[in-house]
Amino acid sequence: MAEAAKSDLFVGVDLGGTKILAGVFSPQLKLLQTAKLSTKSSRGFAAVVDRVARCVRDAVDEADMNLKQVRAIGIGAPGAIEPETGEVIFAPNLQWKDAPLKKELEKQLEIPVFVENDCNACALGVQEVELKGRTRNLLGIFLGTGIGGGLIIDGRVYRGFNGTAGELGHMVIQVGGPKCGCGNNGCFEALASRTALFREIQTRVKAGEKTILTDLLGGELDDLKSGDLRKAIRKGDKLVEKVVEGAAEYTGIAVANLINILNPEVVVLGGGVIDALEDEMMSIIVETALDYAMPGTTKGIEILASKLGDNAGITGGAVLARQRAK
Ligand SMILES: [Zn+2]
């Protein structure tokens, strides 16, 4: 690996509520190696910082490299971020407030660290690596346990006045709709996230509707995963198909609203729900979005699914590290 003799590698980190993923990237942002660790956020901020550092060291070691070869680390973290100081201002699912992530991690690893909101990082990864920088106006929508967004306008991450822009999961699209984790009702997240899909299926099963999922997983559907929904639909399960189609329609409506407001060149959908159900959802999302957007606003706009999958966050972290280390 002569190309990495100097300190020109980048490490991207995806810090989530349940797991930490770190990836070592070449100077050209080719992924060389990954490592994974559980977050154990209940142990508190200092313990999580230790685990992020450990995960970075593991990834670098697995790649047969050493830390001296790493020029910078970029982290995508959930919640509101202060990009200059690298503080996590507020992250409910880590229970962090004003957490000095950059400072503490730099102390441990002695490498420059840069922090960005996780969805913004994913959008950066898609823009720079997957789409090879061919657009400067991109909206990323990520459907997982919750729904988050990343906005790149004129080539830069758009953060808004308080740094919280892109909370598009909490756009209300069904007045009086199901309760959302944020306390509101009818948010996009309460209608199309994995949590919403599973809850809807469980509710309908309790009401007596039939699905093959109960044969596979038992009546309580405890261990349900997004991939199970795909399997069920492919076996002709009408209940699951109806619920997933509903979520795809809501997503299409959300995309139409966002196209009307922002007019991005590319809308990218990603996250665990899209990764598992791309074939079942994307055509409905695109059709609904084009149907609901104001006439004339969608000309030339691409709506596509990201292929980065689980690696979107670490890829974006590496992009961030390379951009900011310059
Ligand atoms: Zn909400």
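Notes on the structure in this doc start here. Since the structure is predicted, the reported quantities are computational estimates derived from the model, not experimental observations.

Turning to the sheet that holds strand β1 (residues 9–15), a few remarks are in order. Strand order in this open sheet of five strands is β3-β2-β1-β4-β8, and the pairing throughout is mixed. Where the open sheet ends on each side, the last strands, each with one partner, are β3 (31–38) and β8 (113–117). Averaged over neighbouring strand pairs, the angle between their axes works out to 20° when direction is ignored. As judged from the seven bridges shared by strand β2 (residues 19–25) and β3, these two strands associate in the antiparallel manner. When the sheet's bridge partners are listed, Ala22 is paired in β3 with Ala35. The sheet contacts of helix α1 (residues 45–62) involve β1, β2, β3 and β4 (70–77), and relative to β3 the element is tilted by about 145°. Most of the contacts of helix α3 (residues 118–130) go to β8, to which it runs at about 100°, and overall it touches β1, β4 and β8.

Next up on the list: the nonpolar core. Within the largest apolar cluster, 101 residues are counted, with the highest numbers of intra-cluster contacts made by Val11, Val13, Ala22, Val52, Val56, Ile73 and Val244. If one sorts the elements of this core by residue count, helix α8 (residues 238–262) sits on top with 12 residues. A domain split of this core shows at least three residues from each of domain 1 (2–128 + 311–325) and domain 2 (134–306).

Procedures and definitions
Residues numbered from 1 in each chain as written. Predicted model: local features only at pLDDT ≥ 70, side-chain atom pairs only at ≥ 80, totals over all residues. Pairing = 2+ DSSP bridges. Helix = DSSP H or I, 4+ residues; strand = E, 2+ residues; numbered from the N terminus. Axes fitted to C-alpha atoms, helices over the stretch in contact; angles between N-to-C directions. Contact = placed C-beta atoms within 7 Å. Core = buried A, V, L, I, M, F, W, Y, C linked by C-beta atoms within 7 Å. Buried ≥ 20, exposed ≤ 12 C-beta atoms within 10 Å, placed from the backbone. Domains from an automatic or database assignment.

Limitation: the analysis is restricted to geometry and does not speak to function.
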